[in-house]
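Residues per chain, in single letters:
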Amino acid sequence: MFTVNIPGLEQTNQILHILFIFLPFLWALGTLPPPDALFLWAMEQILEFGLGGSSMSTHLRLLIMFIISAGTAVTSYFIPSTVGVVLFMTALGFLLSLNLSDMGFFFKHSATGHRVGTKSKALPNGSEKQFTWKECLFYIIILVLALIETSLLHHFAGFPQISKNSPQAIVGYILMILLIILWLLREIQSVCIFGIFQNPFYPKNVQTVTLFLEKQRRLMKIGVIRRILLNLVSPFAMIAFLSLDSSLQELHSVSVSIGFTRAFRMVWQNTENALLETVIVSAVHLLISSTDVWWNRSLDTGIRLLLVGIMRDRLIQFISKLQFAVTVLFASWTEKKRRKSTTTLCILNIVFSPFVLVFIVFSTLLSSPLLPLFTLPLFLVGFPRPVQSWPGPVGTTACICADTVYYYQMVPHLTTALQSAMAAGSLGLLLPGSHYLGRFQDRLIWIMILECGYTYCCINIKGLELQETSCHTAEAQRVDEVFQSAFEQEYARVCSVNEHFGNVLTPCILLPVKLYSDARNVLSGIIDSHDNLKEFKGDLIKVLVWILLQHCSRRPSMQEVIHKTENKGKESLIILPALNASPQTQSLEDTDSLSSEILDDWSDDNVFGDEPTIKKGKEEKDQLKVVPGVNLPIPGSVESQGVGDHSVGTVPENNLYKAVILGYPVVDKGRQEDVAYIPLMEFSCSHSHLLSLPEEWTSNCLPNSKMREMSSLFPEEWYQFVLKQLECFHSEENASNVLEEIAKDRVLRDFYVHAVMTCYFSLFGVDTMVPSPGHILRVYSGVLPWSLALDWLTEKPELFQLALKAFRYTLKLMIDKASLGPIEDFKELTNCLEEYETDWYIGLVSDEKWKEAVVQEKPYLFSLGYDSNMGVYTGRVLSLQELLVQVGKLNAEAVRGQWANLSWELLYATNDDEERYSIQAHPLLLRNLTVQAADPPLGYPVYSSKPLHIHLY
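Predicted model, so just to flag it, every value in this text is computed and none were measured.

Engineer: Go over the overall build of the protein chain, please, and point to the residues and values.
Structural biologist: Tallying secondary structure elements over the protein chain gives 32 helices and 15 strands in all. Buried positions account for 53% of the 953 residues belonging to the protein chain. Taking the contacts inside the protein chain whose residues are at least 6 apart along the sequence as the reference set, 76% of them involve residues at least 24 apart. As presented, the protein chain carries roughly 44200 Å² of accessible surface, and 61% of it is formed by carbon and sulfur atoms.

Rendered as structure tokens:
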């Protein structure tokens, strides 16, 4: 037990006793930070302001970088030589400012590739395109030049007291000129100068990417000049300023080790901020030359730069927080619905404005968010937290839905566009924690900067929901208004004021990005036209012929079979229904009776009711199946008569050609089912079997009388034309002769007639009338009407998908003919179908293949739908093209403050009401969009990318 009273400890004990009383209150208000958030926040602050680093994209990178940077400062303290200290600080400052993880992965992957003897195929985040040996050589040259400059200036130059004519002062003048030039070149790249004035040099009212790029060419040249000055000239000028400083003569000083380690790191890590800090220190040196002043007497240059850096950061935060507080106050006052309830709070804020400023200052000093309770003008100080604001890893959580794939496709192209824009300075000063909002049609892209360094930055891209709610729509409209006034409206005056200056969103730039544009059209007058629907049936047969022929000619085994066929002279035998053979007896039922077998739930009065059920049980599937080699004595079945002489010597059993048909009444023994007559047929051409359909598609399920009736609809000339246009035999010299022989093969032709007309019958059912729009939509969606061939088709998934694809192609063909005009000849029709095959995906938005087509970047996608509210059929077309995405910068403190309120409201106040005030739309604050962009489970972005590293050169 201590018997000596120490006044300092007694005073500390009293202060802590008072503080402990308020700890529960601070915890309830959300001001007391969790241990993990406090630890990460402290590391970020020390790394950024004490060691010259940057916030990191992951917590692991932050911890590793903090340890290495702290070790660098400690090591520099024990180096005995001044030249060695300067060289060590310069080298480590440069190396630590690079993206070391990508560089390490590159070297490791390159070494592995050379050892195995294979080339690298994939690097993370597109690094295979961004980091090469040329860039590695560039960094080595920069490092060597920096070391040479530092050693020469430090060794040969004297260290006179700073004056207006000293070498360090001259370098300071050069830095001032560089700062002014870089500031002007950066501001001229954006559509708004300071976010207040419209930039007269920025392209306005541009509708096409080509015209925009042409008008922006001058600005891009200016951006190249700025890049050279920022990445090459400015760092070497600042190294010269630091190398000439007299403070480096003082060895074994903690202040020198910390201050100059940070200074030499900041030169590369954040060149623009380092340039501003150096200019301020140089200007103060020139203005205050007296050595009696505390600034000059007690502080070395490194510590001065550190203090200026802290003041710069806190001043920017204070201005942003003050602007956010004013915006919240103004938003509450102008909201008509809640003006009565918020008037009292607004008056109290005005009366007690000094106390509000105290909260803002305290929040600024802690670098913690300013928390507006329930987004009302009632401000608290949120607990200090890292720049990322959320505890989990970046990009690991998102509310995946059908819209996610559109952002997934767009992000690589958006990243490429952001690369050039950030390098040119179009997005302003790049700082960790900055937020940007992109807009294109119904898409909203949220971009956050996680990490910055020399010629690179790391970002996270989030995609917000496309299905707009009322709140979402209201704020999205304001976003559109802000961008339209900046990018599309022409102003008479040279420097006009930004009309939406008070908004948290400031327009920045237009980015050309390759993405899908979404167009929705009403098909009234097309899909319900009697003439169009009548032509639809005839076109469907042609498309079926084309689809099946193309499928058979492009089978993977096609080329192998071609080579084997050259050595064989035999002709193939197949089992084929005899379409033209005379039936031995009449059919069981008259063909006209089929029209009465329509299911009730397939009436047009129930277009969008319950979908018709397709029975797929084993018993139902066996109804129309041809059973080879087995004679099944099933009650109620009708056995077919043997083929007779065909079985002698060639077929082991007549039972091989018997068919079992269920569901028909028993007939007399003397009656014979004409559907069971399946003779053996021979191809007249030895190459015909190369284009033959699979054997399982040859089984018969329709009466021959029905098949003969439908075969008259088969387009013979179109079949001959398509067959002669096939490219499967182009490798042979006599390809045309081979196709001519195949075209003359009547057996192959009957083969296709049978398959095509059976599919045709399955798609339209027993109804031979012109199809209704409801029928078209149902079959397009994969719901087929009942018919004798329904089970036959659904049992063959590959053929079913081909028939469905043909139906969808035919619908698209009908729409194109109604919009663009009729098809002139077979050649034009072929070109149209080939375009559908190569450039289009025609299907349903809910299909997995739709998502695959988006990821594979099919040029066009089409889907048919029905708007139940308007009672109209709609067509949706996605077109892949390079279009302009509007991007603006958000007030970072407004985002942090609203996210802090979201965390406090849900975790501390436990207010999870879906209609709570804090998530209601507000045009100034963009509350609803900001809440959406938060990480799940508090937010609900539909897409969130992994940290993306962008190289800025």
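Okay, back to it.
Engineer: An account of the nonpolar core is requested, with residue identities and associated values reported.
Structural biologist: Here is a general trend for soluble globular proteins: nonpolar side chains tend to be buried in one another's company. Of all hydrophobic cores here, the largest spans 88 residues; its most connected members are Leu-418, Leu-427, Leu-437, Ile-459, Ile-461 and Leu-511. When residues in this core are grouped by element, the largest group, 11 residues, is from helix 17 (residues 404–424). By size, the runner-up hydrophobic cluster in this structure holds 78 residues, among which are Val-753, Ala-803, Leu-829 and Ile-842.

Engineer: Kindly report on the environment of Arg-218, identifying the contributing residues and their values.
Structural biologist: The topology assignment puts Arg-218 in helix 10 (residues 217–243). Between the C-alpha atoms of Arg-218 and Phe-201, which are 17 residues apart in sequence, the distance is 9.4 Å.

Engineer: Tell me what's going on with the state of the cysteines, and back it up with residues and numbers.
Structural biologist: Summed over all chains, the structure comprises zero disulfides. Unpaired in this structure, Cys-401 has its nearest cysteine sulfur neighbour in Cys-399, at a distance of 8.2 Å. Take Cys-401: its relative accessible area is 32%, and that puts it in the partly exposed class.

Engineer: Outline helix 31 (residues 892–908), listing residues and values.
Structural biologist: Between its first and last C-alpha, helix 31 extends 23 Å over 17 residues, near the 24 Å set by a 1.5 Å rise per residue. Counting buried positions along helix 31 yields 14 of 17 residues, so the element is predominantly enclosed. Two or three places before Glu-893, at the start of helix 31, stands the capping residue Asn-891, its side-chain oxygen 3.0 Å from that residue's backbone nitrogen. Following helix 31 by one or two positions, Thr-910 has its phi on the positive side, about 50°.

Engineer: Can you tell me about the confidence of the model for the protein chain, naming the residues and giving the values?
Structural biologist: For the protein chain, the mean per-residue pLDDT works out to 80, and 78% of the residues sit at or above 70. Scored below 50 in pLDDT, residues 115–129 shows 17 contacts in the model against residues more than four places distant or in partner chains. Contacts of residues 559–679 to residues separated by more than four positions or lying in other chains number 186 contacts, the stretch itself having pLDDT below 50.

Engineer: Could you give an account of the pattern of salt bridges, with specific residues and numbers?
Structural biologist: The full count for this structure, using the stated rule, is 21 salt bridges. Across the pair Glu-451 and Arg-61 runs a salt bridge whose closest N-O atoms are separated by 2.6 Å. Placement of the pair is Glu-451 in strand 6 (residues 443–453) and Arg-61 in helix 3 (residues 59–77), with a sequence separation of 390 residues. Look at Glu-451 and you get buried, because its relative accessible area is 0%. Overlapping salt bridges, with partners in common, bring together Arg-186, Glu-187, Arg-226 and Glu-272 in one network.

Engineer: Quick rundown of the UniProt feature "transmembrane region" (unreviewed entry) in the protein chain? Include the residues and the values.
Structural biologist: This chain's UniProt record puts "transmembrane region" (unreviewed entry) on residues 15–41, 85–107, 136–157, 169–185, 224–244, 315–333 and 345–366. Counting secondary structure, residues 315–333 comes out at 100% helix and 0% strand; the distance between its end C-alpha atoms is 27 Å. Annotated as 95% helix and 0% strand, the span residues 345–366 places its first and last C-alpha atoms 25 Å apart.

Engineer: How would you summarise unusual backbone geometry if you had to cite specific residues and measurements?
Structural biologist: Here the amide bond leading from Pro-936 into Pro-937 is cis, since omega sits at 10°, within 30 degrees of zero. Mapped onto the elements of the fold, Pro-937 is located in the loop between helix 32 (927–932) and strand 14 (943–944). Here Thr-455, not a glycine, exhibits a phi torsion of approximately 60°, which is positive. Residue class for Thr-455 comes out buried when judged on its relative accessible area of 4%. Of note in the backbone geometry, Leu-926 takes a positive phi value of approximately 55° without being a glycine. On the secondary structure map, Leu-926 appears in the loop between helix 31 and helix 32. A residue is classified by how much of its surface remains accessible, and Leu-926, at 3% relative accessible area, is buried.

Engineer: So what's going on with helix 4 (residues 82–96)? Residues and values would help.
Structural biologist: The first and last C-alpha atoms of helix 4 sit 21 Å apart over 15 residues, in line with the 21 Å expected at 1.5 Å per residue. Within helix 4, burial applies to Val-85, Val-86, Met-89, Thr-90, Ala-91, Gly-93, Phe-94 and Leu-96. With a side-chain oxygen positioned 3.3 Å from the backbone nitrogen of Val-83, the residue opening helix 4 is Ser-81.

Engineer: How would you summarise the packing of helix 2 (residues 35–50) against helix 14 (residues 301–334) if you had to cite specific residues and measurements?
Structural biologist: In the contact formed by helix 2 and helix 14, the axes pass within 9 Å of each other and the chain directions differ by 125°. One way to sum up the angle between helix 2 and helix 14 is to call them oblique. In this structure, helix 2 contributes Gln-45, Glu-48, Phe-49 and Gly-50 to the contact, and helix 14 contributes Leu-306, Gly-309, Ile-310, Asp-313 and Arg-314.

Engineer: Describe in detail the packing of aromatic side chains, supporting the description with residues and values.
Structural biologist: For the structure shown, the criterion picks out 30 aromatic pairs. Pairwise contacts between aromatic rings join Phe-94, Phe-138, Tyr-139, Phe-236, Trp-268 and Tyr-454 into one cluster. Across the ring face of Phe-862, the terminal group of Lys-812 is positioned such that the distance to the ring centre comes to 5.8 Å.

Engineer: Residue-level account of a nonpolar patch on the surface, with values.
Structural biologist: A grouping of Leu-137, Ile-140, Ile-141, Val-144, Leu-145, Ile-148, Leu-152 and Phe-156 is seen on the molecular surface, where their side chains present a nonpolar patch of about 760 Å² in accessible area. Tracing the sequence through the fold places Val-144 in helix 7 (residues 133–156).

Conventions and cut-offs
Starting from 1, residues in each chain are numbered consecutively following that chain's sequence as written. In keeping with the model being predicted, local features are shown solely for residues with a pLDDT of at least 70 and side-chain atom pairs are shown and tallied solely at 80 or more, while totals for entire chains, interfaces and linings include all residues. Hydrogens and waters are ignored; side-chain quantities use all the structure's heavy atoms. Here a helix means four or more residues in a row that DSSP labels H or I, a strand means two or more in a row labelled E, and each is numbered from the N terminus. Here the term buried applies to any residue with accessible area under 20% of the maximum for its type, exposed to any over 50%, and partly exposed to those in between, with areas from a 1.4 Å probe on protein chains only. Residue contacts are defined here by distance: any two heavy atoms, one from each residue, within 4.5 Å place the two residues in contact. All accessibility values rest on the Shrake-Rupley procedure with a 1.4 Å probe; residue burial counts only the protein chains present in the view. Joining through side-chain atoms within 4.5 Å is the link that ties buried Ala, Val, Leu, Ile, Met, Phe, Trp, Tyr and Cys residues into a set, and such a set is a nonpolar core. Disulfides are defined in this document as cysteine sulfur pairs within 2.5 Å. By this rule the span expected of a helix is its residue count minus one, scaled by 1.5 Å. Counting of polar contacts relies on pairs of N or O atoms within 3.5 Å, with two restrictions inside protein: one atom must be capable of donating a hydrogen and the other of accepting it, and residues adjacent in sequence are counted only when both atoms are side-chain atoms. Note on scores: pLDDT gives the predictor's confidence for each residue, bounded by 0 and 100. A side-chain nitrogen of Lys or Arg and a carboxyl oxygen of Asp or Glu constitute a salt bridge if their distance falls within 4 Å. UniProt positions are given in the numbering used here, feature names are shortened, and annotations may be inferred rather than shown by experiment. A fitted line through C-alpha atoms represents every axis, and for helices the fit uses only the stretch in contact; the resulting angles, taken between N-to-C directions, go from 0 to 180 degrees. Small angles under 35 degrees read as roughly parallel and large ones over 145 as roughly antiparallel, with 65 to 115 read as roughly perpendicular and the rest as oblique. Aromatic pairing here means that ring centres of Phe, Tyr or Trp (its six-membered ring) are within 6.5 Å. Orientation follows from the plane angle: under 30 degrees is stacked, over 60 is edge-to-face, and everything else is tilted. Cation placement over rings: the criterion is NZ of Lys or CZ of Arg within 6 Å of the ring centroid and within 35° of the ring normal. The patches reported here contain residues having more than 30% relative accessible area and no salt bridge. Joining distances are 9 Å for like charges and 5 Å for nonpolar side chains (Val, Leu, Ile, Met, Phe, Trp, Tyr).

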